[in-house]
Amino acid sequence: MKKKIDINTWVRKDHFNFFNTFEEPFFGVTVDVDCTASYKEAKNIGVSFFLLYLHKSLLAANTIEAFRYRIIEDEVWLFDEVHASATINRLNGTFGFSYIDFYKDFNEFNTQAKIEMEKVENGTGLFPSSSGENVIHYSALPWLNFKSMSHARKYSFKDSCPKISFGQVRDEGERKIMAISIHVNHALMDGFHVSQFVDAYQKLLNS
């Protein structure tokens, strides 16, 4: 479900009208998160660390209203929930895009996500059979401890989905640290909202 935002009365009216005219309205930051507790949790309960931190990222994003805004035909819509469109690596060195539904319960999310991952891993196509505007574009680069990141963009396509990428997990003493790159449409949110997401995500990783 989604509802249309009345731009004329929206607190971000001027910000939206300004940044929505940009050829490249996205801005991005790269930050480190401490994933020690969640890394141990995944090992202790025998689940994919990737799916655990992906789920916690979706949990955090769904609590921040700005991450559920999308621009559709120059109108702003607020979705009830957002889901994951994550790149899934294949053994032959290629990848495919997936569509993974968000569930608050990790066990249900884990079950459905593994089905989707297996489908992509065993397939050859690039795009999933279903998707939508209400997704976050996810990717993981577990081989690289990156400090910054950019994305391939088709500027003629009016994209407004956030893009979140996870880097290599590295050891810093007793801690497990992971870089996370976050790119968002400036017409829909600012650095303040990105910081809200990072704070919410870190709390979930610590829990």
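For clarity, every value in this text was computed on a predicted model and none was experimentally measured.

J.: Which parts of the structure should I look at to understand the environment of I136?
T.: Relative to the elements of secondary structure, I136 occurs in strand 7 (residues 135–140). By relative accessible area, I136 is classed as buried at 0%. Separated by 52 residues in sequence, I136 and A84 place their C-alpha atoms 5.2 Å apart. When near neighbours in sequence (up to four residues on either side) are disregarded, I136 contacts A61, F67, R70, V82, H83, A84, S85, P162 and I164.

J.: Teacher, can you tell me more about the sheet that holds strand 6 (residues 95–97) here?
T.: By way of backbone hydrogen bonds, the strands of a sheet pair with one another, either parallel or antiparallel. Taken in spatial order, the six strands of this open sheet run 2-9-8-7-5-6, and their pairing is mixed. The open sheet has two free edges, formed respectively by strand 2 (26–34) and strand 6, since each of these has just one partner strand. Within the sheet, the average angular offset between the axes of one strand and its neighbour, ignoring direction, is 20°. Sheet topology places strand 5 (residues 83–89) next to strand 7; four bridges connect them, and they run parallel. Bridge pairing in strand 7 links A86 to Y138. Its contacts with the sheet put helix 4 (residues 106–121) on strand 5 and strand 6, and the angle it makes with strand 5 is roughly 40°. Contacts from helix 5 (residues 191–206) reach strand 2, strand 8 (163–172) and strand 9 (175–185), with the element oriented near 25° to strand 2.

About the cut-offs
- Residues numbered from 1 in each chain as written.
- Predicted model: local features only at pLDDT ≥ 70, side-chain atom pairs only at ≥ 80, totals over all residues.
- Heavy atoms only, no water.
- Helix = DSSP H or I, 4+ residues; strand = E, 2+ residues; numbered from the N terminus.
- Buried < 20%, exposed > 50% of the residue type's maximum accessible area, 1.4 Å probe, protein only.
- Contact = heavy atoms within 4.5 Å.
- Pairing = 2+ DSSP bridges.
- Axes fitted to C-alpha atoms, helices over the stretch in contact; angles between N-to-C directions.

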